[in-house]
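A look at the structure
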Amino acid sequence: MPPRPPEAPPVVVVLTGGASRRMGSHKPVLDVGGRPLVARVLDAAGDRPALVVGPGQGVPDGVRVVWERVPGGGPVSGVSTAVEALAADAATSATPLPYAVVLLAADLPFVTSAHVDRLLEALGSADLAVTVDRDGRTNWLCSAWRVAALHGRLDELGDPYGRSMRDLADGIRTQSVDDPSGVALDVDTPADLTRARDRARGRARGRAEHRPSVD
């Protein structure tokens, strides 16, 4: 595995700019388990630096938020904005570019820091590590990229507005990461939201039942 410079840790990028057409309202602020979806997703960053691209509603204080120059351009446009922001940081300070970025949609209420670890570990043999669920569905917005490969691919694409994540990943050395427990479940519709809320309540009940009693 290539050495990872300790001074350039990976950055977790959370994309909040989706249109939420199937949901009918801005998904990142919807409540699951008593917290906005975007706040739950940011928990997966753990101690890693995080960057939000898009509207900042529901984002906890202290987390950096940047906007696309032309909002509504889709996920690749958001990714391009994140890479530009990180490159600008490197150009104006002593902070080098991170060796990798983790891309997360803002509608993944159960994604975990441990799964982020798995994505980053999978980059040992690839330039892109992407989550694949139990049904074989690829979740491009639960993935990790080597920054050099991502930057090069963005340059090849040109204008990122309206481009798909599948376009971005084309030709990239990719490693799949399985998701047997469904931590990368996304919330696209009102029915998905109901299921996510039920799952969060079930987890909360389970923690309460296993909490030691105090006499």
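Okay, so let's go over this structure. Every chain begins its residue count from 1, and numbering advances along the sequence as written. Confidence filtering applies because this is a predicted model: local features only for residues at pLDDT of at least 70, side-chain atom pairs given and counted only at 80 or more, and all residues used for totals across whole chains, interfaces and linings. Excluding hydrogens and water, the side-chain values take into account all heavy atoms of the structure.

To continue, consider the pairing of strand E8 (residues 138-146). Only protein chains enter the accessibility calculation, which uses a 1.4 Å probe; a residue whose area is less than 20% of its type maximum is buried, one above 50% is exposed, and one in between is partly exposed. To qualify as a helix, a DSSP run of H or I must reach at least 4 residues; to qualify as a strand, a run of E must reach at least 2; elements of each kind are numbered from the N terminus. Among the 9 residues that make up E8, 8 are buried, leaving the element largely enclosed by the rest of the structure. Here, strands pair whenever DSSP counts at least two bridges between them. Direction of pairing for strand E6 (residues 100-105) relative to E8: antiparallel, over a ladder of 5 bridges. Within E8, the residue paired with Val102 across the bridge is Ala144. Where strand E7 (residues 128-132) lies against E8, 5 bridges are found, and the strand directions are antiparallel. Directly across from Leu128, in E8, lies its bridge partner Trp145. Connecting the antiparallel pair E7 and E8 is a turn made up of 5 residues, with Gly136 showing a positive phi of about 85°.

Here, the term nonpolar core denotes a set of buried Ala, Val, Leu, Ile, Met, Phe, Trp, Tyr and Cys residues that are joined through side-chain atoms within 4.5 Å. Judged by nonpolar contacts, the single largest core of 54 residues is most densely connected at Leu104 and Trp145. With residues near it in sequence (within four places) discarded, Leu104 still touches Val12, Val13, Val14, Leu15, Val41, Ala44, Val111, Val116, Leu141 and Cys142. Among the nonpolar cores identified, the runner-up in size contains 9 residues, and Met23, Val32, Leu193 and Ala200 belong to it. Contacts were defined at the residue level, with two residues in contact if any of their heavy atoms lie within 4.5 Å.

The buried fraction of E7 is high, at 5 of 5 residues. Across the two faces of E7 the burial is the same, with Leu128, Val130 and Val132 and Ala129 and Thr131 all buried. Judged from the 5 bridges that link them, E7 and strand E9 (residues 174-178) form a sheet pairing that is parallel. Paired with Leu128 across the bridge in E9 is Thr174.

A separate point is the pattern of salt bridges. Where charged atoms from two side chains of opposite charge approach closely, those side chains can pair. Salt bridge criterion: a side-chain nitrogen from Lys or Arg within 4 Å of a carboxyl oxygen from Asp or Glu. For the structure shown, the criterion picks out 14 salt bridges. Of the charged contacts in the structure, one is a salt bridge between Arg118 and Asp178, with a shortest N-O distance of 2.5 Å. Highlighted residues: Arg118 in helix H3 (residues 113-122) and Asp178 in strand E9, separated in sequence by 60 residues. Taking the shortest distance from any N to any O, the salt bridge between Asp192 and Arg195 comes out at 2.5 Å. Residue Asp192 and its partner Arg195 are both found in helix H6 (residues 190-210); the two are separated by 3 residues, about one turn of the helix. Among the ionic contacts, a cluster of salt bridges with common partners joins Lys27, Asp107 and Asp188.

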